[in-house]
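# Per-entry structural report
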Amino acid sequence: MTNLRLLIPAFLLLVSLAAAAVGAARDKDATDSRGVLLAIAQAPVKTRDWKNPYEGDADALLAGKKLYGQHCAECHGANARGLRNAVSLRSPQVQNATPGELVWFLRNGNLFHGMPSWSGLPDQRRWQIVTYLKSLR
Amino acid sequence: MIRLRLSLAIALLAAAAATSASTARAQDTHYFVAYSHHLEEPGNLEVEFYSNYGTQKAGNDFIAPWVELEYGATAWWTTEFYLDSQSTFHDSTVFTGFRWENRFRPLMREHWINPVLYVEYENTTDADKTLKEVVGFDNQFDFAERNSVLNKSYGHEIETKLILSSDYKGWNISENFIGEKNLGHEPWEFGYAVGVSRPLRMAATPSPCKFCRENIVVGAELYGGLGTAKSLTLSGTSHYLAPLVAWELPNGVSFSLSSGIGLNDNSHRLLLRWGVSYEIPGFGRKVRSLFR
């Protein structure tokens, strides 16, 4: 019985470490023919036609900037030029993507490479963040 | 005394957080019992203090505070450590054990329904009154004994959950199916938890704000037991309906409150839960940098 009590936490730890190692092994910098990061370009083709409901909206841009500071700046930097492993959001690999692709990517994330899914944010807030990101071009 | 120290610790945490320059905010559904598929952001540590006040029809009312340390190990794996305690009026205050929980997202993209696998090891006594889940034939009369008796009986348990969760138009809808096994020779016990929540305002406002609708989350939870592997049933166990409200501050602090109402005679009449949490962004990186 004592052995079982020790084995279960040890098993959980091993499974967790093995899974983390698998996740770290994938290539994350590949781009498609447009020069868009593959992780973003994997968005369904229909997302390229999605219109940003806040395009040209100055309030949405400010709201997006605020949300960026709350949710994204920790990894991508206050100036969005990227920190450590997180890409620069001003780079062509990101800016060449359509707003629809970006909002899809925000919703799905890239879990294997550390980008969390932001599906817990309402659609409106994700679009506001995209409005801000597109202003960085 | 423990209650006083805990209150002091919470006050200090709140004061430190209020003056902090960091601005990380989680995307939280603020459920107390149910889980959604939203995991902790990788590298972030969320420090949480919660408490559960329960009324007893038989026996004395109680307050059960607990501490959670929730860490985003990766974007698809969150690990969490709990320390539980409780104080029963006209009785005593006791430490009731610890729990270690892990949640994994097996699917790497968002779907209509998003599964999460949950595994937890619990080393707690029968005096544990945090009621983080209701399983088997749990009922309020289990708590009628004195702490000196309940705290002698240690349980080593594995708890598993299948978490199914969806986001739709700002709403989160989560369903949890719980299976708990005492590592002694007890049968599997089952339970359920369902939660719905949403922010009061979907779009963010352009300027920073604290007291605004976008920072308020409202919702409700429904949870209870489902009997055991030998007798799968909704009767003979307890069930609760708990409206909840949470206030998220822009600097990563959030406050939550839930008022659970017992739905049958086996339930506590009231389970009043409250909590404060603080998100420490980049915690893992900061710790790693200490060892370089």
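Predicted, not measured: the structure shown is a model, and the values here were computed from it. (Residues numbered from 1 in each chain as written. Chains lettered and ligands numbered in written order. Predicted model: local features only at pLDDT ≥ 70, side-chain atom pairs only at ≥ 80, totals over all residues.)

### Focus: the confidence of the model for chain B
All names here are of chain B. Stated formally: Per-residue confidence from the predictor is given as pLDDT, running between 0 and 100. Contacts are defined on C-beta atoms placed from the backbone: any two residues whose C-beta positions lie within 7 Å are in contact.
In the predicted model, chain B carries a mean pLDDT of 90, and the fraction of residues at 70 or more is 91%. In this model residues 6-21 is a low-confidence stretch, pLDDT under 50, and it forms 17 contacts with partners more than four residues away in sequence or in other chains. Model confidence for the complex is summarised by a pTM of 0.87, with the ipTM given as 0.85.

### Remarks on helix H7 (residues 123-134) of chain A
Because an α-helix packs 3.6 residues into every turn, residues spaced three or four apart end up facing the same way. Residues and elements named next belong to chain A. Spelled out, the test is: We count a stretch as a helix when DSSP gives it H or I for four or more residues in a row; a strand needs E for two or more, and each element gets its number in order from the N terminus. A helix's residues, less one, multiplied by 1.5 Å, set its expected span. Between the buried cut of 20 or more and the exposed cut of 12 or fewer other C-beta atoms within 10 Å of a residue's own C-beta lies the partly exposed class, and all C-beta atoms are placed from the backbone.
For H7, spanning 12 residues, the distance from its first C-alpha to its last is 17 Å, which sits close to the expected 16 Å at 1.5 Å a residue. Burial analysis of H7 places 10 of its 12 residues in the buried class, the great majority of the element. Residues of H7 that are buried include every one of Arg125, Arg126, Trp127, Gln128, Ile129, Val130, Thr131, Tyr132, Leu133 and Lys134, and no others. Close packing links the buried residues of H7 with helix H3 (58-71) and helix H6 (99-108).

### Examining the interface of chain B and chain A
Put simply, the rule is: Gly counts as polar in this scheme, as do all residues outside two lists: the nonpolar Ala, Val, Leu, Ile, Met, Phe, Trp, Tyr, Cys and Pro, and the charged Asp, Glu, Lys and Arg.
Each side of the interface is counted separately: chain B has 36 residues, and chain A has 35 residues. Listing elements by their share of the side of chain B that touches chain A, those giving two or more residues are strand S2 (62-74), strand S4 (93-104), strand S5 (114-125) and strand S6 (154-168) of chain B. No other element matches the three residues that S6(B) contributes to the side of chain B that touches chain A. Considering only residue class, the side of chain B that touches chain A consists of 20 nonpolar, 10 polar and six charged.

### Comments concerning the packing of H3(A) against H7(A)
All names here are of chain A. Rules: Fitted lines through C-alpha atoms serve as axes, helices being fitted only where they are in contact, and the angles separating the N-to-C directions of these axes extend from 0 to 180 degrees. Throughout this description, any angle smaller than 35 degrees is read as roughly parallel, any larger than 145 degrees as roughly antiparallel, any in the 65 to 115 degree range as roughly perpendicular, and the remainder as oblique.
The contact between H3 and H7 brings their axes to 7 Å, and the two run at 100 degrees. The angle between H3 and H7 places the two elements in the roughly perpendicular class. On H7, the residues touching Ala60, Leu61, Ala63, Gly64, Lys65, Leu67 and Tyr68 of H3 are Arg125, Gln128, Ile129, Thr131 and Tyr132. Partitioned by chemical class, the residues of the contact of H3 with H7 number seven nonpolar, three polar and two charged.

### Here we look at the environment of B:Glu48
Among the structural elements, B:Glu48 can be located in strand S1 (residues 45-54). Sequence spacing of B:Glu48 and B:Lys132 is 84 residues, and the spatial spacing of their C-alpha atoms is 14 Å.

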